[in-house]
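Take a look at the letters that make up each chain.
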Amino acid sequence: MSDLLSHAEAVWQAVAPELPGFTVEVLPSVDSTSSELMRRARNGLMEPVLLTAEDQTAGRGRLGKGWHSKPGHSLTFSLALPLAPVNWAGLSLAVGVSLAGSLHPDIRLKWPNDLWLHQRKIGGILVETASNGEAPASQRMVVIGVGINIARPEASVVAALLPDGAGVTAVAPAGLAEVLVGITPGEVLERVTAPLVRDVRAFATQGFPAFAQRFARLDALQGQTVQLSNGTQGTACGVDDSGALQVLTAHGMQTVTSAEVSVRPC
């Protein structure tokens, strides 16, 4: 039995009592767990499900970037939940807070959707939503895609994982096994899933303000000099009540949303 399959039952048992209809699926291979769940949602499937795969051949990240995975070396999964929050703003940050809290005390969050370990990227988050004509107008299916490096990525895939940008010094991504020696993807899945479901459901009723203090403690950019993708430089000053990044520039405080630009430390 594969590592992921051996932990699937425990994941289901931890979540199903609080989330009726919840299922866990493990596939040998898929193009992208998030793409698969989005296809299902658009075709009318609105039941909560966690989908993971031994091999993901066309994983997707933010701003169209790919996420490369290798069996046993990383964990890729997507969680689909019907959700009707008062405000969707800040959901990816709440997801990051939940994952960081479950993974390791050294994990930090790089706004808006990266998990960092010792100043190196260890994982990423992609949040998408899909609507269905039969569901209430206020309710959508949210698909939360997560990729976490377990083993430190090999040099051959480092370039594919790093963000584009002239003049950026290449820094190899991190792997969770650096601080949790011997941990497996299945063990990580079991560790993060139940808390993630609880936190996403809490977000639906309480919004990002319920996670703001936890995010502030994990904010890897706080006080750092950053450069936006349009070339503007400034000092990262945390986030506002909606989860938008606040950057103090030469022209004053600038509010940055994830839809507009990418951010990297200088």
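To keep things clear, this report deals only with the structure shown in the data block. What you see is a predicted model, and the numbers here were worked out from it, not measured in a lab.

Attention now goes to the layout of surface pockets. Volume-wise, the second largest pocket comes out at about 400 Å³. Lining the second largest pocket are 18 residues, with Gly90, Leu91, Ser92, Pro112 and Ser258 sitting closest to its centre. Taken together, the elements giving at least two residues each to the lining of the second largest pocket come down to helix 3 (91–103) and strand 8 (120–130).

Core analysis: the largest hydrophobic core is formed by 59 residues, its most contacted members being Phe77, Val95, Leu99, Leu103, Trp111, Leu115 and Val188. Tallying contributions element by element places helix 5 (residues 185–206) first for this core, with ten residues. Aside from chain neighbours lying at most four places away, what touches Leu99 is Leu115, Ile125, Val146, Val192 and Leu196. Core analysis: the next-biggest nonpolar cluster, separate from the first, contains ten residues, Leu37, Met38, Leu51 and Ala80 among them.

Before going further, it helps to examine helix 5. For helix 5, which comprises 22 residues, the first-to-last C-alpha distance of 31 Å matches the rise-based estimate of 32 Å (1.5 Å per residue) to within 8%. After helix 5 finishes, the residue Gly207 shows a positive phi value of roughly 75 degrees.

Each pair of packed helices can be described by the angle between their axes along with the distance between the axes. As a packed pair, helix 1 (residues 3–15) and helix 5 sit with axes 8 Å apart at the nearest point and diverge in direction by 20 degrees. Looking at the two axes, helix 1 sits roughly parallel to helix 5. Viewed along their axes, helix 1 and helix 5 form a crossing whose handedness is right-handed. Residues Asp3, Leu4, His7, Ala10, Val11, Ala14 and Val15 of helix 1 lie in contact with helix 5, whose contacting residues are Pro185, Gly186, Glu187, Leu189, Glu190, Thr193, Ala194 and Val197. Grouping the constituent residues of the contact of helix 1 with helix 5 by class yields nine nonpolar, three polar and three charged.

Rules of the game
Residues numbered from 1 in each chain as written. Predicted model: local features only at pLDDT ≥ 70, side-chain atom pairs only at ≥ 80, totals over all residues. Heavy atoms only, no water. 1 Å grid on protein atoms, 1.4 Å probe; cavity = no way out; pocket = protein on both sides within 12 Å on 5 of 7 lines; lining within 4 Å. Points joined across faces, edges and corners; volume = space filled by probe spheres on them. Helix = DSSP H or I, 4+ residues; strand = E, 2+ residues; numbered from the N terminus. Core = buried A, V, L, I, M, F, W, Y, C linked by side-chain atoms within 4.5 Å. Buried < 20%, exposed > 50% of the residue type's maximum accessible area, 1.4 Å probe, protein only. Contact = heavy atoms within 4.5 Å. Expected span 1.5 Å × (residues − 1). Axes fitted to C-alpha atoms, helices over the stretch in contact; angles between N-to-C directions. Parallel < 35°, antiparallel > 145°, perpendicular 65-115°, else oblique. Left-handed = near helix turned anticlockwise from the far one by under 90°. Nonpolar A, V, L, I, M, F, W, Y, C, P; charged D, E, K, R; others polar.

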